[in-house]
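Take a look at the letters that make up each chain.
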Amino acid sequence: MTDQTVNTLAKTVGVPVERLLNQMEEAGLKRRAATAKVSDEERKLLLSHLQKSHGGEGDHSDGPKKITLRRKTTSTLKVAGAAGKRTVNVEVRKKRTYVKSEEDQSAVIEAEKAELAARQAQEAAQAKVEADAKLAAAVVAEAAAADASAKDAADQAAKIKQDTDNAAAKAAADAEVARQKAAEEAKKKTSNQKTFSSPDKPRGGAPAGKGKGKGRSSGGRDDRNRGKGPRSKGKLAAPKRTGSGEHAFEAPTEKVVQEVSVPESITVADLASRMKVKAAEVVKVMFNMGAMATINQVIDQDTATIVVEEMGHTVKLVMDDAIETEVVESINYEGKEITRAPVVTVMGHVDHGKTSLLDCIRSTKVASGESGGITQHIGAYHVETDKGMVTFLDTPGHAAFTAMRARGAKATDIVILVVASDDGVMPQTEEAVQHAKAAGVPLIVAVNKMDKEGADPERVKTELSSREVVPEDWGGETQFVPVSAKTGEGIDALVDAVLLEAEVLELTAVPEAPAKGVVVEARLDKGRGSVATILVQNGTLKKGDIVLAGQQFGRVRAMLDENGKPITSAGPSIPVEILGLGGTPDSGEDFAVVADEKKAREVALFRQGKYRDVKLARQQASKLDAMFENMGKNQASVLNVVLKTDVRGSLEALTSSLMDMGTEEVKVQVVSSGVGGIAESDVNLAVASNAVIFGFNVRADTPAKALIEKEGIDLRYYSVIYDIINDVKAALSGMLSPELRESIVGIAEVREVFRSPKLGQIAGCMVIEGTMFRSKPIRVLRDNVVIYEGELESLRRHKDSVAEVRNGMECGIGVKSYNDVRVGDQIEVFDTVEVERSL
């Protein structure tokens, strides 16, 4: 094609010259005059730019790809009403959108490619002709210049020209054939397909409109059958189909290998979902491997790994606590270390003076305000002395608080073992020694009550030495300090011993780091919500921090010291009360400050779910075990209890004590337990389970009291742990079946045997012991061996029937259903007595 000027091109396409120049400039061509020439490459570049600017796709956007047809019809409808018939105009609007299919576009593209190839072949032939003509002219000129024979040169030139003309004609013919063949193939391919297809068209039917028009189109059979299939909601597009009715998408040619994350336990359905296969295939593979499973069955990590590898996928093992480990390891506790105060736990037997000793150190009177004079919670205090600060944890000494004492030993640096000098080593004293040794915590023995007359510190040393607690003056490593909480004797020496031990331990902490520590106690306050007493072991806890404690988390809304005064921060070794947790964490749980509340919630929910799974599994296992154990046995009597306490530590201690009181015949089942007051829901649960409600240092609210009176539920309040344990023990004793004991009430010796036609065999006897009763069961003994057990048929004296015969008197005895009584046998009468049992 020859070059055209801008004027000629503008006249050809029918646009003003100035507009064409602007469009050429937008296409990236240099600004030029109206008489300048435009090459073929520039025209193609301009055409491509114009197609793209109008929404096309390069050189192939020759025609519209989407056509929208709108149709509106108006008709009248006569409707009968109260006022007679009336005419209603009905207007039906229809809209159809047709999109050019991908096959049509590909056919057009192929046709264009064929035409372009033919054009290029023709241009190549034309160029070859021109080159050959130039060559012929050059040969002629060279021949003339060389003064050769003009005739030969002319003949040679004519021959070359003829050859080139023939070659050009042949090339043109070939190009025309190729062009026609490509056009026929494109025409044949497009004749088998519809030019446009509607995206809203149902399978095999006419295009479905978007409106709810009631009119019928005249589009043929597809329109007439429209509406007989399932109604389309317009939300799911049907898969595209070709003109032959086949799907446009293709199945993957190769198997896709998935990386499957396998946790510690997973259901078969979840495993199939992660491998992107049907659950039935996984069940089939497991069946072939010899394992029967259902889609809802939970399998372990090893089994899931084998199944995944068997199905050709890769395994990525995931631990259940991965998120928990990630959060814990992301906390940075590095920083400058400083010396921190020691945390001291006071342990010992009940009533040996632990709290009184602390009161003496703190100059307070805590012991006088405690129920029954005994400690039932862990108390946390810090004391400023002249030689430094010391934090004390006061633990209960009662046997029921074993777990609480174990937590106290775990959270501490030093243990002060309080032993009464007049009482010596007792069971809880020995237990405290074991807890301290198990936790690897050094001991300091405070020999208390030295002011009493019966004080014997040497006895205490001797008894503790037998339990591997040897005093320093006997060559051991344990400090023994004689003290008196009543007079204050030895208190300063005890504090000095604690500080000396702390100096040896070299206790340090990083105050700039995020806080972490242990939950000492937790309770539910009606006005303030969850209140947790925590001990900061490292870092600094600030108001507003996000705390993760066991299964609970929350933002610290308020902080109080042990005296109830609000504070804003607490450093290492400081016990504080915090408000803001979502629930009451278990005593002894570790707590940590995390930066992200979202992560804290995820970890707390994970721990709650794990605890729930473990609890359900334990319950299921206990049900199965109990089913097999009780098979063929009498069912045990159960005392159902709903238990509510003031703090979490007391709840654990009471629950453990009550559960340990049962036997094979009677047992205690804690139906529900919790921290806080007795609510109406607790009463409803007690009604449903026929349970007794125990309130330990808590009370029932008004609606709960009304329901208790209405239903007649047994509600009892306690403030001392002894009382609740004794009452439950008495209740269980009453539920025990009585013990049956036999007592011999009379013995008669057979002296003679008679025969009676009416009564059969009659034994003439002498009562040698007790009294013989006709209404009581008897045994016949021969040579002191029981040979028969039954009852009397008759008891006579001098032919008179009597009810009883006393010692030393003769009588006649007829034994029912037994006729082998011999002289010398003994007949004894016995009675069965029920005796109450106790635990």
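Anything mentioned here points back to the structure above.
Residues numbered from 1 in each chain as written. Predicted model: local features only at pLDDT ≥ 70, side-chain atom pairs only at ≥ 80, totals over all residues. Heavy atoms only, no water.

### What about the overall build of the protein?
The condition is simple: Secondary structure follows DSSP: runs of H or I at least 4 residues long count as helices, runs of E at least 2 residues long count as strands, and numbering of each begins at the N terminus. Buried, partly exposed and exposed residues are distinguished by accessible area as a fraction of the type maximum, computed with a 1.4 Å probe on protein chains only: under 20%, between the cut-offs, and over 50%, respectively. By definition, residues are in contact when any of their heavy atoms lie within 4.5 Å. With residues, only the protein chains shown are counted as cover, and all accessible areas are computed by Shrake-Rupley using a 1.4 Å probe.
Counting secondary structure elements, the protein contains 20 helices and 39 strands. In the protein, which comprises 839 residues, the proportion classed as buried is 37%. When contacts within the protein are restricted to residue pairs at least 6 apart in sequence, those whose partners lie at least 24 apart make up 68%. Of the roughly 49,200 Å² of accessible surface on the protein, a fraction of 50% belongs to carbon and sulfur atoms.

### Looking at the side chain of Ser484
As a reminder, the rule being used: Under this definition, polar contacts are N or O atom pairs within 3.5 Å; protein pairs additionally need one hydrogen-donor-capable and one acceptor-capable atom, and for neighbouring residues in sequence, both atoms have to be side-chain atoms.
The topology assignment puts Ser484 in the loop between β16 (479–482) and α15 (491–505). Side-chain polar atoms of Ser484 contact the side chain of Thr487, separated by 3.1 Å. In this structure, Ser484 is in contact with Asn448, Lys449, Met450, Asp451, Glu489 and Ile491, ignoring residues within four places of it in sequence.

### Quick look at helix α2 (residues 17–26)
Stated precisely, the cut-off is as follows: Think of the arc as the fan of directions from the helix axis to the C-beta atoms.
Of the residues making up α2, those classed as buried are Leu20, Leu21, Gln23 and Met24. One face of α2 carries all of its buried residues, which in axial projection span an arc of 160 degrees. On the buried face of α2, the contacting elements are α1 (6–13), β2 (37–38) and α3 (40–53). Among the residues trailing α2, Gly28 stands out with phi positive, at a value near 100 degrees.

### Concerning the sheet that holds strand β28 (residues 666–675)
Pairing between sheet strands relies on hydrogen bonds along the backbone, with the strands arranged either parallel or antiparallel. Stated precisely, the cut-off is as follows: Strands pair, by our definition, only if DSSP identifies at least two bridges between them. Here, axes are lines fitted to C-alpha atoms. For helices the fit covers the stretch in contact, and angles between N-to-C directions go from 0 to 180 degrees.
If you walk across this open sheet you meet the four strands as β28-β27-β29-β30, and the pairing is parallel. Unpaired on one side and paired on the other, β28 and β30 (715–718) mark the two borders of the sheet. If you compare each strand with its neighbour and ignore which way they point, the axes differ by 25 degrees on average. Strand direction decides the pairing type here: strand β27 (residues 637–645) and β28, joined by nine bridges, are parallel. Counterpart to Val642 in the pairing with β28 is Ser672. Across the sheet, helix α17 (residues 648–659) touches β27, β28 and β29 (692–696), and the angle it forms with β28 is around 170 degrees.

### Remarks on the environment of Gly554
Its location among the elements puts Gly554 in strand β22 (residues 552–560). A sequence separation of 39 residues divides Gly554 from Val593, and the C-alpha atoms of the two residues are 9.9 Å apart. When neighbours within four sequence positions are excluded, Gly554 is seen to be in contact with Asp545, Ile546, Val547, Gly580 and Leu581.

### Brief notes about the side chain of Arg782
Note that Arg782 resides in strand β34 (residues 777–782). Leave out the neighbours within four places in its chain, and Arg782 touches Ile787, Tyr818, Asp820, Val821, Arg822 and Asp825.

### Notes on the nonpolar core
Under the convention used in this document: Here the nonpolar core consists of buried residues drawn from Ala, Val, Leu, Ile, Met, Phe, Trp, Tyr and Cys, with membership extended through side-chain atoms lying within 4.5 Å.
Formed by 25 residues in total, the largest nonpolar core has its most connected members in Leu357, Phe392, Ile416 and Leu494. Within the residue set of this core, elements represented by two or more residues are β11 (343–348), α11 (354–362), β12 (379–385), β13 (388–394), β14 (414–420), β15 (443–448) and α15. With seven residues, α15 is the single largest residue contributor to this core. Judged by nonpolar contacts, the second largest core, of 21 residues, contains Val641, Val666, Val675 and Val728.

### Points about the packing of α2 against α3
For clarity, the cut-off: For classification, angles of less than 35 degrees are called roughly parallel, those exceeding 145 degrees roughly antiparallel, those between 65 and 115 degrees roughly perpendicular, and all remaining angles oblique. Amino acids outside the nonpolar list (Ala, Val, Leu, Ile, Met, Phe, Trp, Tyr, Cys, Pro) and the charged list (Asp, Glu, Lys, Arg) are all regarded as polar, and Gly is one of them.
Taken N-terminus to C-terminus, the directions of α2 and α3 make an angle of 85 degrees; their axes are 9 Å apart at the nearest point. Between α2 and α3, the angle is such that the two are roughly perpendicular. Along the contact surface, α2 presents Leu20, Gln23, Met24 and Glu26, while α3 presents Leu46, His49 and Leu50. Split by residue class, the contact of α2 with α3 holds four nonpolar, two polar and one charged.

### So, the pairing of β22
Taken together, the four bridges between strand β21 (residues 546–549) and β22 define a ladder with antiparallel strand orientation. When the sheet's bridge partners are listed, Ala549 is paired in β22 with Gln552. The antiparallel hairpin formed by β21 and β22 contains two residues in its connecting segment, where Gly550 sits at a positive phi of about 60 degrees. Bridge count between β22 and strand β25 (residues 574–581): four bridges; the pairing is antiparallel. Bridging across to β25, Ala558 finds its partner in Leu579. Of the pairings in the sheet, the one linking β22 to strand β23 (residues 566–567) comprises two bridges and is antiparallel in character. Considered in β23, the bridge of Met559 is made with Ile567. Hairpin connection between β22 and β23: a loop of five residues separates the two successive antiparallel strands, and Gly564 in this loop has a positive phi of roughly 85 degrees.

### Focus: the pairing of strand β35 (residues 785–797)
Where β34 meets β35, six bridges bridge the pair, whose relative direction is antiparallel. Bridge pairing in β35 links Ile778 to Gly790. Here four bridges tie β35 to strand β38 (residues 810–815), and the two strands are oriented antiparallel to one another. Counterpart to Leu792 in the pairing with β38 is Val815. Pairing of β35 with strand β36 (residues 800–801), which is carried by two bridges, proceeds in the antiparallel orientation. Note that in β36 the partner of Arg796 across the bridge is Ser801. What sits between the antiparallel neighbours β35 and β36 is a turn of two residues, in which His798 has the positive phi angle 50 degrees.

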